[in-house]
Amino acid sequence: MTATRAADILPLRTDFAQLIDGELIAGTPTLDVINPATGAVFARAPRATHADLDRAVAAARRAFQSWRESSFEQRRLCIERLSAALRVQQESLAELLTREQGKPLSQSREEIVRAASLSEGMAAIPIEPEVLVENAQRHVELHYFPLGVVGIITPWNAPINLAPGPLTMALYTGNTAVLKPSPYTPLCTLKLGELLRDIFPAGVVNILAGGDDCGQWMSEHPGIDKISFTGSVASGKKVMASAAATLKRITLELGGNDAAIVLDDVDPKSIAPKLFFASFVNSGQVCMAIKRIYAHERIYQALCEALAGEARKARIGDGLQSDTQFGPIQNRMQYERVLGLLEDSRRRGGHILAGGEVAPGPGYFIAPTIITDLPEDARLIKEEQFGPLLPVLRFSDVGDAIRRANDTRYGLAASVWSSDIERATAVALRLEVGTAWVNQHRATAANVPFGGVKESGIGCNYAELGLKGNMEARVISVLKA
Ligand code: NAD
């Protein structure tokens, strides 16, 4: 494992402010932000109080009165300006994203450009009234109206990718918004707020930097009409419970335990790099990363060796170093959790084929690790690892592989790999997930909905379905004669 480190020798950054009612409010910087590559605090941000949230919600409610009357076209133009601003600020945002989140700079750049194009893509989707009945007696139409104020809560693994998407869905459909990122990674989102201030009328978008408590206040707040939440299953359940008191609408984008089923007719060498990247990108801290591989016994050994070869080549280090491919785990709590899963895997008889090394601190580095021979009830198979550990399991009967892949409360995504697309698609149709890919993993687009089934979520993001999740349908029914 070659871990390169860049010491944070820069002065502590405190140039961050919340956006409330069109004003940037610096407040007292009390939220410490740690660079996971060094383990050191490198910035301080304001931390939202309940009074900040009340002001943001009041501003959003006021702004809703005129924003709801604006046209889709006017709102689309604002979203296009948001996407353009993201592209212009790509370099400074990417560096900040790598410092607070840890991922390699090239992946930070990609995340920003991707967020820009997804937002633009969604704001090009038309939402029209639908005629449901048209006959001599009746004319019945379905119209879509904005809900009001949408509270958006985001996690620490992809703070830029996961903020403009839900924001676009809320704002383009005529809602106003209050957004709160994870307390581990608030900085890029606060900088996004500075860009948004010059694009949207005061109060339409409000950006707070708060802790978990702020997320709970938002879920309970009577002035918020919907919560769009991305995060863990455990927090998602708390959001749902808190939102029940005011019958808020909710979209929950939660964790996953994605299985990849590899059939007997693949060339293990040629697919191994794709499987490896889809498992370890952002050091496995991706909701839709591959979390388990089920490989047919005919190609199992060759695939394990090819994956281990990829792991041994991996360059781990500070994401700011140009040759880094895999950065650190984002925070100490998650780092210790992943170490616990590694330890448990050893205890359960798992064979560490590659990786398994932990660099001495500072920084939260664990090498990409391939683990075989684990029993099906090991924690690493049952739980979402959200880190760079990949179990590879053997099967001889594809029906058995499907049953094991489905034997989980998660249902985010999965993939099937084969040289026979029809055969793979038939397997994909039997997987209980929101998205089942064939010969790919992690492909999303502005016009394709993405969301989980089972405990991986409720509702979806992107596409017409995602946009309509930010609206309420109302019927106009006319008796003609
Ligand atoms: P988390 O649930 O700990 O935190 C997510 C956000 O929720 C943070 O902003 C946090 O402050 C807030 N929060 C925490 N407790 C809350 C509460 N009681 N009420 C309201 N808000 C609360 O998740 P995390 O550790 O930041 O993120 C990792 C998880 O997110 C993983 O499970 C991952 O799979 C999931 N995720 C899902 C998707 C998806 O699209 N399905 C995308 C990215 C990440």
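Look up a bit, the structure's there.
Residues numbered from 1 in each chain as written. Predicted model: local features only at pLDDT ≥ 70, side-chain atom pairs only at ≥ 80, totals over all residues. Heavy atoms only, no water.

Draft legend 1. Fine view of helix α6 (residues 187-197). For α6, the buried fraction is high: 9 of the 11 residues fall into the buried class. Those residues of α6 that fall on the buried side of the exposure criterion are Leu-187, Cys-188, Thr-189, Leu-190, Lys-191, Leu-192, Gly-193, Leu-195 and Leu-196. (Buried < 20%, exposed > 50% of the residue type's maximum accessible area, 1.4 Å probe, protein only. Helix = DSSP H or I, 4+ residues; strand = E, 2+ residues; numbered from the N terminus.)

Draft legend 2. Local environment of the sheet that holds strand β5 (residues 130-134). Taken in spatial order, the 3 strands line up as β5-β6-β20 in an open sheet, and their pairing is antiparallel. Each having just a single partner strand, β5 and β20 (471-479) make up the two edges of the open sheet. In this sheet, neighbouring strand axes are inclined to one another by 20° on average, regardless of whether the strands run parallel or antiparallel. Bridge count for β5 against strand β6 (residues 138-146) is 4 bridges, and the pairing is antiparallel. Looking at the pairing, Val-131 lines up with Glu-141 of β6. (Pairing = 2+ DSSP bridges. Axes fitted to C-alpha atoms, helices over the stretch in contact; angles between N-to-C directions.)

Draft legend 3. Examining the state of the cysteines more closely. Summed over all chains, the structure comprises 0 disulfides. Of all cysteine sulfurs, the one in Cys-460 lies closest to Cys-287, which takes part in no disulfide; the gap is 14 Å. Exposure remark for Cys-287: the relative accessible area of 22% places this residue in the partly exposed category. (Disulfide = S-S within 2.5 Å.)

Draft legend 4. Structural context of the site of the ligand. Close to the ligand lie 30 residues; Asp-212, Ser-232, Ser-235, Leu-254 and Glu-384 are nearest. Between Trp-156 and the ligand, the recorded distance is 2.9 Å, taken from a side-chain N or O atom to an oxygen atom. Between the ligand and the protein, one listed contact pairs an oxygen atom with a side-chain N or O atom of Ser-232 at 2.7 Å. Burial of the ligand by the protein amounts to 91% of the accessible area it has alone, namely 860 Å². Listed by contribution, the elements that provide at least two residues to the shell around the ligand are α7 (212-220), β10 (226-230) and α8 (233-244). The element that contributes the greatest number of residues to the shell around the ligand is α7, accounting for 4 residues. Of the residues assigned to the shell around the ligand, the class counts are 13 nonpolar, 12 polar and 5 charged. (Near = heavy atom within 4 Å. Polar contact = N/O pair within 3.5 Å; in protein donor to acceptor, adjacent residues only side chain to side chain. Areas by Shrake-Rupley, 256 points an atom, 1.4 Å probe, with all protein chains shown as cover. Nonpolar A, V, L, I, M, F, W, Y, C, P; charged D, E, K, R; others polar.)

Draft legend 5. Here's a closer look at unusual backbone geometry. A positive phi angle, near 65°, is found at Asp-373, a position not held by glycine. Structurally, Asp-373 is set in the loop between β15 (369-372) and α12 (379-382). Phi is positive for Asn-439, which is not a glycine, with a value near 55°. Within the fold, Asn-439 resides in the loop between β18 (435-438) and β19 (457-458).

Draft legend 6. Representation of the environment of Val-131 within the structure. Mapped onto the secondary structure, Val-131 falls in strand β5. With residues up to four places along the chain from it excluded, the contact list for Val-131 reads His-139, Val-140 and Glu-141. (Contact = heavy atoms within 4.5 Å.)

Draft legend 7. Quick peek at the sheet that holds strand β14 (residues 351-354). The mixed open sheet is built from 7 strands, whose spatial order is β14-β15-β16-β13-β12-β17-β18. Where the open sheet ends on each side, the last strands, each with one partner, are β14 and β18. Shown here is a sheet whose adjacent strand axes are inclined to one another by a mean of 25°, direction ignored. Note: strand β12 (residues 258-262) against strand β13 (residues 290-296), 5 bridges, orientation parallel.

Draft legend 8. Representation of the nonpolar core in the model. With 65 residues, the main nonpolar core has Leu-86, Leu-167, Leu-171, Leu-187, Leu-196, Phe-200 and Val-205 as its most contacted residues. Those residues in contact with Leu-187 that sit more than four places away from it in its chain are Phe-16, Val-33, Phe-42, Ala-43, Ala-45, Leu-96 and Glu-100. (Core = buried A, V, L, I, M, F, W, Y, C linked by side-chain atoms within 4.5 Å.)

Draft legend 9. Structural view of the pairing of β6. Here β5 folds back onto β6 in antiparallel fashion, the turn holding 3 residues. Where β6 lies against β20, 9 bridges are found, and the strand directions are antiparallel. Counted as the bridge partner of Leu-142 is Val-475 from β20.

Draft legend 10. A look at a nonpolar patch on the surface. Residues Leu-12, Ile-34 and Val-41 make up a contiguous nonpolar surface patch of about 200 Å² in total accessible area. Inspection of the secondary structure assignment puts Leu-12 in the segment before β1 (18-20). (Patch = residues over 30% accessible without salt bridge, like charges linked within 9 Å, V, L, I, M, F, W, Y side chains within 5 Å. Salt bridge = Lys/Arg side-chain N within 4 Å of Asp/Glu carboxyl O.)

Draft legend 11. Spatial organisation of the environment of Pro-360. Examined against the element boundaries, Pro-360 turns out to sit in the loop between β14 and β15. Judged by its relative accessible area of 68%, Pro-360 is exposed. Sequence separation of Pro-360 and Gly-255 is 105 residues, and the distance between their C-alpha atoms is 29 Å.

Draft legend 12. The packing of aromatic side chains, seen in detail. Across all of its chains, the model carries 6 aromatic pairs by this definition. Ring centres 5.1 Å apart and planes at 65° place the aromatic pair Phe-72 and Tyr-172 in the edge-to-face group. Of this pair, Phe-72 sits in helix α2 (residues 72-88) while Tyr-172 sits in helix α5 (residues 164-172), placing them 100 residues apart in sequence. A relative accessible area of 26% places Phe-72 in the partly exposed class. Look at Tyr-172 and you get buried, because its relative accessible area is 4%. Ring centres of Phe-276 and Phe-326 lie 5.8 Å apart, and the angle between their planes is 90°; on these two criteria the pair is classed as edge-to-face. Here Phe-276, found in helix α9 (residues 268-280), pairs with Phe-326, found in the loop between α10 (297-313) and α11 (332-347); they are 50 residues apart in sequence, far enough to count as distant. Comparing Phe-276 with Phe-326, the two get one shared label, buried. In this arrangement the basic side chain of Arg-75 is found over the ring face of Phe-72, its NZ or CZ atom lying 4.7 Å from the centre. Across from the ring centre of Phe-145, 3.9 Å away, lies the NZ or CZ of Arg-474, which sits over that ring. (Phe/Tyr/Trp six-rings, centres within 6.5 Å; stacked < 30°, edge-to-face > 60°. Lys NZ or Arg CZ within 6 Å of the ring centre and 35° of its normal.)

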